[in-house]
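Each chain, letter by letter, is given below.
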Amino acid sequence: MFARIFSGGLAGVDAYCIEVECDCGPGIGQISLVGLPDASVKESQDRVRSAIKACDFYVPYAKRWIVNLAPADTKKEGPAFDLPIAVGILASTSMLPTEHLSKFWIAGELGLDGSVRPISGALPLAMAARQHGALGIILPQDNADEAALIDGINIFPVSHLKQVCQLLENPDAIAMLDSDPRRTFKESQKMRRAGPDMYEVKGQYVAKRALEIAAAGKHNILMVGPPGSGKSMLAQRLPGIMPPLSFDEALELTKLYSAAGKLQNKTSLVLERPFRSPHHSASAVGLIGGGASPRPGEISLSHMGILFLDELTEFPRSHLDTLRQPLETANVTISRATQTLTYPASFLFVGACNPCPCGYKGDSVKCCSCSQFQAERYWNRLSGPLLDRIDLHVNVARLTQDELSSMGSSETSDDIRLRVMRAVEIQQERSGTQPFMFNGQMTQKQMVKHCKIDEKSRLMLAKAVHNLGLSARAYDRVLRISRTIADLKAHEDIDSSDLAEAISYRSPYRVHLES
Ligand SMILES: [Zn+2]
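Residues numbered from 1 in each chain as written. Predicted model: local features only at pLDDT ≥ 70, side-chain atom pairs only at ≥ 80, totals over all residues. Heavy atoms only, no water.

Caption draft 1: Broad picture of the sheet that holds strand E10 (residues 221-224). Sheet architecture is open: 5 strands sit in the order E11-E14-E17-E10-E18, paired in parallel fashion. Edge positions in the sheet fall to strand E11 (275-276) and strand E18 (392-395), since each has one partner strand and no second. Across 4 bridges, the pairing between E10 and E18 is parallel. Across the sheet, Met223 pairs through a bridge with Val394, a residue of E18. (Pairing = 2+ DSSP bridges. Helix = DSSP H or I, 4+ residues; strand = E, 2+ residues; numbered from the N terminus.)

Here it is in C-alpha cells:
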C-alpha cells in the first residue's frame, strides 16, 4: 500500500514542501530511505522502528518499506522527518487511516519511547504549510508557541506518536492551539527587563553622542581607545537606545532564529534586538555563515541588531574583508555546489580596538612604547575599504580622575531612545511610500534629494575632503551622518554645524597615529 505525507525542509530561512512517500511491499522488515537523506535522516529508521514498537503497534516482519523524500534532488537534513516517516509506515501498513493525511503537514523528531522532541525551523515550516494550503500542521509540543505566531494555520501540538495516531483517526481528538500572537507580543513587551543603561557610563559624552547618531541613522561605528576606557560597556548599551522591535520585525527575527535552531526554550518570540559579540578567534563560517549543512553566521544572527567586534584588529583580515559585501547589501549569499542560499544580515556594525599594539597611544597616563612602524602595521590589519564603510570614528579616551569620582548626571537610555525614535520617524515620513531606508543606507538618488547643503557648507566639506584625504565613499558618508544629526534636531535642512560635527567623526584612522 502507498501513503503520502506532507512535511517540510529548510533552505536558508525559508521552508519548502517535502513529500514523504511510503510504499509497503513484501520483504524482510527493511526500511529503505531514498531522496538524498543525510546521515541524521538515515538514522531515523532505527528511531522510527523503536517508536512504533513503543506504541504497541504490530509491525509485520515480512514487509519492506521504501520511503522516498521528494523532491529527490535536494539534500534532506535533520531529524524532523522521523514523525512523517513513522506515520507513513503505519499508514502504508493499513494501521492508520489515510483519508486525513493530505490535510496536514507533519514534522518532529522521535524518541525511542515514541515521545516527540522539538525541531529547528518550526516557524518557517508553519509559514510554508499555510502557503501550501494545508489545514493544519502537526508539530512537537515545545515548538507550538513559535509556530502559533503565524495566522491562518491550525497548530496541533503533540508530545507522543500515539497522539498523532489519534489525531489522524479523528481530527477532533486533539485540541488545536489557541493563541493571539499580537496580544502576547504586546504583553511581553510590557514585561521587558531593562538592560544595561547608558547613565551607568561615566563621562564619554562624545562617544555616547556618536552612538546616538549611529542608532538613529544606522551608521556603522568604530571606537578607538586604551584598554579599560569603556568601549565594550558603551557598545553593550547600544541596543537599549535603539527603537523597540515592531511585531513584524520580531516575527522576521524569530523566523531566522527558528531556522538556525537558536530559539531559547520556552521563548516563542525574539523580543530584543540581538547583540552579538563573536570572539576574534571565530571561524569565517561562524562569522559569515555556511558550512557543510549551511547555517546562518554571526552577521545574520545580529540581523536588526548589533554586531560588535571587540579587538577588531585581532580578527584575521580575510574575515573582516568578507564583511564588506553584507555591509553594503544587508544580506549574505552563500554559494555551494548544490545550492545558493541568502541570509538576511542587516546589522549595525560596531568595532572597537586599541589605538596601537600596546594600547596607550595618546593616553594621558601611560606612555606608548610602540614604534611608528609597529603602529602602522597594526592599522594596516584593517583594510581601507572596510574603514571607509565605517561611518563614525570615535576616540574613547581614558576618564580623568574628576570624571571617575563624579556621580554623573548622564541621560538614561530611555531619554536617548526617545530622540532616536523621533529621528527614525522623520526618516520614515521622508521615505513616504518608498521602502524605508535609514540615512546610513540611502542611495545616491535619495542623497541628492535629501542631503542638500548650502555654499558655505559645501566649501567646508571640500576643505575637509582635501585635508583628511577622504574617499568618494567617505564623502557620501559625511553627508549621510549630517542628515541624521539634522534629523535628531528635527531640522529640515542640514546646516554647517551639522556638517562640522559629521566631519569630526570622520577623521581617518591615521589621525590616531599622528596624535
Ligand atoms: Zn603603543
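Caption draft 2: Here's a closer look at the pattern of salt bridges. Enumeration according to the criterion identifies 26 salt bridges in this entry. The closest approach of N and O atoms between Glu212 and Arg419, which form a salt bridge, is 2.8 Å. Of the two residues, Glu212 sits in helix H8 (residues 205-217) while Arg419 sits in helix H19 (residues 413-431), which places them 207 residues apart along the sequence. For Asp498, the salt bridge identified is with Lys489, shortest N-O distance 2.4 Å. With a relative accessible area of 0%, Asp498 lands in the buried category. The exposure class assigned to Lys489 is partly exposed, which follows from its relative accessible area of 34%. (Salt bridge = Lys/Arg side-chain N within 4 Å of Asp/Glu carboxyl O. Buried < 20%, exposed > 50% of the residue type's maximum accessible area, 1.4 Å probe, protein only.)

Caption draft 3: Local environment of the packing of aromatic side chains. If you walk through the whole model with that rule in mind, you get 5 aromatic pairs. Here the aromatic rings of Phe185 and Phe247 are separated by 5.4 Å at their centres, their planes lie at 70°, and the arrangement is edge-to-face. Of this pair, Phe185 sits in helix H7 (residues 181-190) while Phe247 sits in helix H11 (residues 247-259); the two residues are 62 residues apart in sequence, bridging distant segments of the chain. The residues Phe185 and Phe247 share a single accessibility class, namely buried. Ring centres 5.9 Å apart and planes at 90° place the aromatic pair Tyr378 and Trp379 in the edge-to-face group. We note that Tyr378, like Trp379, is buried. (Phe/Tyr/Trp six-rings, centres within 6.5 Å; stacked < 30°, edge-to-face > 60°.)

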